[in-house]
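For reference, the chains in residue letters:
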Amino acid sequence: MIKSAVTVSIVEEARNGPFVFHDDVSAACRTAAELGFDAIELFAPSGQALRSLPLASLLNQHQLKLAAVGTGAGMVVHQLHLCDRDAARRQQAEKFIREIMSAGAEFQAPAIIGSMQGKWDDVVDKPTAIAHLRDALQRLGDHAESLGTVLLYEPLNRYETNLVNTIEQGIALLKPLATKSVMLLADLFHMNIEEASVAAAIQDAGTSVGHVHFVDSNRQAAGRGHLEFGPIASALASIGYEGYASAEAFPIPDSLTTARQTIDTFRKCFRSSS
Ligand code: LER
Ligand code: MN
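Just so you know, these numbers come straight off a predicted model, no measurement behind them.

Engineer: Help me understand the coordination of the manganese ion (ligand 2) in this model?
Structural biologist: As a benchmark, a tetrahedral metal site with four donors has ideal angles of 109.5 degrees, while an octahedral site with six donors has ideal angles of 90 or 180 degrees. Distances from the manganese ion (ligand 2) to its protein donors, E154 (OE), D187 (OD), H213 (ND1) and E248 (OE), fall within 2.1 to 2.2 Å. Angles of 70 to 173° at the metal separate the six donor atoms of the manganese ion (ligand 2), which places the site in the octahedral class. All donors to the manganese ion (ligand 2) come from one chain, and their sequence spacing reads E-x32-D-x25-H-x34-E. In this pair, D187 is assigned in strand β7 (residues 182-187) and E248 in the loop between β9 (244-247) and α11 (255-270), connecting sequence segments 61 residues apart. For D187, a relative accessible area of 1% corresponds to the buried category.

Pasting the structure below:
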């Protein structure tokens, strides 16, 4: 059965980012639980910052799981990424990701590689960038396996990366890897920009899909834009997806309305008997 999650960011530099709740993890957990979410997804400044939260007691108190942990603070705060021209910076990026992976794994939560994948440029050409990214994903995938989790790799729309924009390109990126521990994150907002058909792309990805960012065309709560969720829900059912549909959306008009609208649409999509 598909499970629901909602994002919480405690990254100051991402205050205007597409996260439903900001800053107060305790209040976010309380509201998420009251609305009936299964889990939260956390965007934190570092592995250390994750560890310094009273996460075990909050999750336990509210009967929530940790769906996933984001690594994008490495880029947003430190401008680190896996395709940097400087090998030492690439290593720092990988170390930053590993620390978040380890902190998340204590709660069986996978880490997400989104903006940390980086871009190609006039110094690092596209084949070199793809090679750097594949090498890093191989090592990080092995690390995820050793932690008993997976790593989630997220294709992003063309305005955020020039490396991998579609699910099909994501599958091609992961195909040569000698690990099954890297899975795709299907973000419906990015897919709405890049895919000919969001539902068909999910269908084609099949069992490669490990996580879903559940959001509408305008990056607001599912139900506030023009995505057709019926075919998307059917595609997820047909591939046997049983992971999280996690709300990564702007808190427009506010966090509570966004969370409430998300869980309403989630229930219509995944819990209605008709
Ligand atoms: C960035 O646009 C995004 O979708 C995040 O999930 C990546 O970390
Ligand atoms: Mn996303």
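After that view of the structure, there is still more to cover.
Engineer: Honestly, the site of ligand 1 in this entry has me stumped. Any pointers?
Structural biologist: Lining the immediate surroundings of ligand 1 are G114, S115, E154, L156, E160, D187, H190, H213, R219 and E248. Measuring from an oxygen atom of ligand 1, one finds a side-chain N or O atom of D187 at 3.1 Å. A distance of 2.8 Å is found between an oxygen atom of ligand 1 and a side-chain nitrogen or oxygen belonging to H190. Protein coverage of the free-state accessible area of ligand 1, which is 260 Å², stands at 88%.

Engineer: Is there a simple way to explain the environment of K3 in this structure?
Structural biologist: Along the chain, K3 turns up in strand β1 (residues 3-9). Spatially, the C-alpha atoms of K3 and A88 are 39 Å apart, while their sequence positions differ by 85 residues. Not counting residues up to four positions away in its chain, the partners in contact with K3 are D38, E242, G243, Y244, A245, F266 and R271.

Engineer: In this structure, what is going on with the nonpolar core? I would like to understand it.
Structural biologist: Across soluble globular proteins, nonpolar side chains have a tendency to be buried as a group. Grouped together as the largest cluster of nonpolar side chains are 88 residues, with contacts concentrated most on I40, Y153 and L188. Tallying contributions element by element places helix α6 (residues 126-147) first for this core, with seven residues. The contact partners of L188, leaving out residues within four places of it in the chain, are V198, I202, V212, H213, F214, V215, L227, F229 and I232.

Engineer: Got a minute to help me understand the pairing of β7 in this structure?
Structural biologist: Successive residues of a regular strand alternate their side chains across the two faces of the sheet. When you tally the buried positions in β7, you get five out of six residues, the bulk of the element. With three bridges connecting them, strand β6 (residues 151-153) and β7 associate as parallel partners. Counterpart to Y153 in the pairing with β7 is L184. Regarding topology, helix α7 (residues 167-174) serves as the crossover connection from β6 to the parallel β7, and that connection is right-handed. In this sheet, strand β8 (residues 209-213) lies alongside β7 in parallel orientation, the contact comprising four bridges. Bridging from a neighbouring strand, A186 pairs with V212 of β8.

Engineer: Help me understand the pattern of salt bridges, please; the structure alone is not making it clear to me.
Structural biologist: Any two side chains of opposite charge can pair, on the condition that their charged atoms come close. Inspection of every chain in the model, using the stated rule, returns 12 salt bridges. Where D84 meets R89, a salt bridge forms, and the shortest distance between an N and an O atom there is 3.9 Å. A residue is classified by how much of its surface remains accessible, and R89, at 24% relative accessible area, is partly exposed. With a shortest N-O distance of 3.1 Å, D121 and R85 are connected by a salt bridge. Note that D121 is positioned in the loop between β5 (111-113) and α6 and R85 in the loop between α4 (73-78) and α5 (87-105), a separation of 36 residues in sequence. Residue class for R85 comes out exposed when judged on its relative accessible area of 52%. Residues participating in the shared-partner salt-bridge network are E160, D187, R219 and E248.

Engineer: Would you take a moment to explain the packing of aromatic side chains for this structure?
Structural biologist: The relative placement of two aromatic rings is captured by the distance of their centres and the angle of their planes. Inspection of every chain in the model, using the stated rule, returns five aromatic pairs. Plain terms: the ring middles of F19 and F43 are 4.5 Å apart, the flat faces sit at 20° to each other, and that makes the pair stacked. With F19 in the loop between β1 and β2 (21-22) and F43 in strand β3 (residues 39-43), this residue pair connects regions lying 24 residues apart in the sequence. In this structure, F19 and F43 share a single accessibility class: buried. Relative to F270, the ring of F214 has its centre 5.8 Å away and its plane inclined at 50°; by these criteria the two rings are tilted. Of this pair, F214 sits in the loop between β8 and α10 (229-238) while F270 is found in helix α11, placing the two residues 56 residues apart along the sequence. Through a chain of ring-to-ring contacts, three or more aromatic side chains come together here, namely F214, F229, F266 and F270. A cation over a ring is seen here: K3 above Y244, with NZ or CZ 4.5 Å from the ring centre.

What counts and how
Residues numbered from 1 in each chain as written. Chains lettered and ligands numbered in written order. Predicted model: local features only at pLDDT ≥ 70, side-chain atom pairs only at ≥ 80, totals over all residues. Heavy atoms only, no water. Donors = N, O, S within 2.8 Å, 3.2 Å for Na, K, Ca; no water. Tetrahedral: all angles 85-135°; square planar, octahedral: opposite > 155°, others 65-115°. Helix = DSSP H or I, 4+ residues; strand = E, 2+ residues; numbered from the N terminus. Buried < 20%, exposed > 50% of the residue type's maximum accessible area, 1.4 Å probe, protein only. Near = heavy atom within 4 Å. Polar contact = N/O pair within 3.5 Å; in protein donor to acceptor, adjacent residues only side chain to side chain. Areas by Shrake-Rupley, 256 points an atom, 1.4 Å probe, with all protein chains shown as cover. Contact = heavy atoms within 4.5 Å. Core = buried A, V, L, I, M, F, W, Y, C linked by side-chain atoms within 4.5 Å. Pairing = 2+ DSSP bridges. Right-handed = clockwise from strand over helix to strand, strands pointing away. Salt bridge = Lys/Arg side-chain N within 4 Å of Asp/Glu carboxyl O. Phe/Tyr/Trp six-rings, centres within 6.5 Å; stacked < 30°, edge-to-face > 60°. Lys NZ or Arg CZ within 6 Å of the ring centre and 35° of its normal.

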